[in-house]
Amino acid sequence: MSTLKINESKEGNFAGSLLAATRAETTKFIGLRALVGLYASGILVTIALGWLLGASAKASGDNGFDTAMPAPLLVFATLQFGQLFFAAAAALQITNEYSSGTIATTLQSVPRRAILVTAKAIFLATVGFLAGVVMILLATIPTALSAEQYGVFELSDLLSAAFGAGVYLALLSLMVLGLGLLCRNSAGAIVSAIMLIVGLPQILQLIPLRWVQEFTQYLPTNAATFMATGASEPYGPGVAFMVLLAWSLVLLGAGYFTLSRRDA
Amino acid sequence: MITLEALAKDFGATRAVNNLSVDITAGMVTGFLGPNGAGKSTTMRMILGLDTPTSGQSLVNGVPYAKLAYPLRTVGAHISGTAGHPGHTPRTFLKALAQSNRIPVRRAEEALAEVGLQSVATKRIGGFSLGMSQRLGIAAALLGDPQILILDEPMNGLDAEGITWIRQLMRTRADAGGTIFVSSHLMSEVQQVADHLILIGRGELITEAPTQDLIKEFTQQLITVRTPRATALAGLLLQHGAKVSTTGEDRLEVIGMPLERIGALAFDGGIELHELSIIQGSLENVYNQLTHDTVDYSAELTGGVSTK
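A brief structural summary.

About the thresholds
- Residues numbered from 1 in each chain as written.
- Chains lettered and ligands numbered in written order.
- Predicted model: local features only at pLDDT ≥ 70, side-chain atom pairs only at ≥ 80, totals over all residues.
- Heavy atoms only, no water.
- Pairing = 2+ DSSP bridges.
- Helix = DSSP H or I, 4+ residues; strand = E, 2+ residues; numbered from the N terminus.
- Axes fitted to C-alpha atoms, helices over the stretch in contact; angles between N-to-C directions.
- Phe/Tyr/Trp six-rings, centres within 6.5 Å; stacked < 30°, edge-to-face > 60°.
- Buried < 20%, exposed > 50% of the residue type's maximum accessible area, 1.4 Å probe, protein only.
- Expected span 1.5 Å × (residues − 1).
- Contact = heavy atoms within 4.5 Å.
- 1 Å grid on protein atoms, 1.4 Å probe; cavity = no way out; pocket = protein on both sides within 12 Å on 5 of 7 lines; lining within 4 Å.
- Points joined across faces, edges and corners; volume = space filled by probe spheres on them.
- Nonpolar A, V, L, I, M, F, W, Y, C, P; charged D, E, K, R; others polar.

1. Some words on the sheet that holds strand β3 (residues 28-33) of chain B
All names here are of chain B.
Part 1 of the argument: The strand order β5-β6-β7-β3-β8-β9 describes an open sheet built from six strands, whose pairing is mixed. Of all strands in the sheet, those bounded by a partner on one side alone are β5 (75-78) and β9 (204-210). Across this sheet, the average inter-strand angle for adjacent strands is 15 degrees, counted without regard to direction.
Part 2 of the argument: In terms of strand pairing, strand β6 (residues 148-152) meets strand β7 (residues 179-184) through five bridges, oriented parallel. Note on β7: the bridge partner recorded for Asp 152 is Ser 183.

2. Remarks on the packing of aromatic side chains
In this description, an aromatic ring pair is defined by two values, namely the gap between the centres and the angle between the planes.
All names here are of chain A.
Part 1 of the argument: Counted according to the given criterion, the structure contains seven aromatic pairs over all chains.
Part 2 of the argument: Considering the side-chain rings of Phe 29 and Tyr 39, the 5.5 Å spacing of their centres and the 75 degrees angle between planes classify their relative orientation as edge-to-face. Linking Phe 29 in helix α1 (residues 14-30) with Tyr 39 in helix α2 (residues 33-62), this pair joins segments that are 10 residues apart in sequence. The same class applies to Phe 29 as to Tyr 39, namely buried.
Part 3 of the argument: Grouped by ring-pair contacts, the aromatic residues Phe 29, Tyr 39, Phe 86 and Phe 123 constitute a single cluster.

3. A few points about helix α4 (residues 130-142) of chain B
Residues and elements named next belong to chain B.
Part 1 of the argument: For α4, with 13 residues, the first-to-last C-alpha span of 18 Å sits near the 18 Å given by 1.5 Å per residue.
Part 2 of the argument: Most of α4 sits inside the fold, with 11 of its 13 residues counted as buried.
Part 3 of the argument: Close packing links the buried residues of α4 with β5, α2 (90-100), α3 (106-114), β6 and α5 (160-175).

4. Things to note about the side chain of Thr221(A)
Part 1 of the argument: Within the secondary structure, Thr221(A) sits in helix α10 (residues 220-229).
Part 2 of the argument: Ignoring anything within four residues of it in the chain, the contact list for Thr221(A) reads Gln83(A), Tyr168(A), Ile197(A) and Pro201(A).

5. Here we look at empty space enclosed by the protein
Part 1 of the argument: Counted under the stated rule, the structure contains four cavities of 30 Å³ or more.
Part 2 of the argument: There is about 270 Å³ of room inside the largest cavity.
Part 3 of the argument: Around the largest cavity, the lining comprises 26 residues; the ones closest to its centre are Lys28(A), Glu97(A), Thr102(A), Thr106(A) and His88(B).
Part 4 of the argument: Of all the secondary structure elements, the ones that give two or more residues to the lining of the largest cavity are α1, α4 (79-100), α5 (103-109) and α6 (113-147) of chain A together with α2 of chain B.
Part 5 of the argument: Among the residues making up the lining of the largest cavity, the classes are represented as 11 nonpolar, 11 polar and four charged.
Part 6 of the argument: The calculated volume of the second largest cavity comes to roughly 130 Å³.
Part 7 of the argument: Taken together, 16 residues make up the lining of the second largest cavity; nearest its centre are Thr105(A), Gln108(A), Ala77(B), His78(B) and Ala140(B).
Part 8 of the argument: Looking at the lining of the second largest cavity residue by residue, the class counts come to nine nonpolar, seven polar and no charged.

Listed below in structure tokens is the structure:
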């Protein structure tokens, strides 16, 4: 009956549908002030904490302690707080849909679960990467200023930290998206994300078993540190990236499996 | 065209929909009637691929919903009372939907105009009344100018003008060749607009037929007779081909015989009458009768709390 000549098409190609779904995710994100605000807050908090940590490094250094560290890495160290904002935002991108009931409309418009999950993943990974890079670039300036000679850095430090933070936040977003798909509610997704990135590393430290300590090295936050600092022990940035990627794929895969099998 | 083939759905031990097989054809409005909890929403959710059937399948224009690349261009649906995220504006909500199905974004404005929500296009959905939410949901359903429209209880929360409007909308699209599938738990809401009715109760098909046929079949004249010689009169009427049932010691209900003939037969037989009257059966009464046995949560069971 179409008077508009919007063609019905039964055979859509995956890439075309994926691009369309990703654009829709972008529009939904921009339309929610709360989500945009979370990313902005994460970046602002990191800038403030970076400046504070720089000042602290200078005070310690002036008092004879050896706390000098390249400014971009000082910023990266504050990410343990800043990451919470980005994790919450990533969780909300999916759990919002469950709390408001829009998941039904979303799945009507994009019934192929693989396309929906991939679209959300592409969007969140892109925003996470950009947030990480922008955050390091912006926060390094006040941090370097407050740390003075104790925060001297090379361009390679800056690039490594920026790239590391970007990749970490991109992959963290995917992990949290997976948790959101598993939990289907904001509180559950955010709490489990905090447990994964803050709780687990501290809890596991208390268990004096060798293999537990070994495993702790492979938790996402530790892998992120090894990746951004260019460490060589216990493993280098390449392995660190693979570890983060594995975490993302496992959690996202579990989330996708749940979405496909359970009624919406 | 929507095809349901032996569709069934279990929620745990409860069978919500059982062996439902019907065709919902193009060019007409099909009403989907049943009491609350009869399985109407579950059926619609299965058509839209939101719930997976336990067995059987549903097809839209011959294919499963999930096989449609850009489903909003084929099927428009509004299945819950609310639409969109409370923090979004109608414009954002519809724009994202349009983008997801490669529908020109200008359709968002057109659809808002079609449902009369242009003036609140940039207001947050969270502040909407139920009636406005219904209209927004219908705007979303109309976005891709789909041939098939699936509406779950669309008249809930609409005022009289809104109900007239939605009836007209369904009529117009059906006349233009659309397939319109609309659910309700109130016969009076759909009786006027539906060409065809599907009645379900406890997840099972009770009956399906053109609305006119159902009305004809069930609105035969029902005649009440009061007489001190009920048994004698009943025998007499039965001999002459009427259907008779006793509803009290001196009271009979008669179907299939005109009032005048009953009076004449009683007169000839010398039987005294105290009352002879016609009760016009309405489709509403019929529906209530048909579904009465299938209401899961009736007043008696829940201590007088009615769930309509």
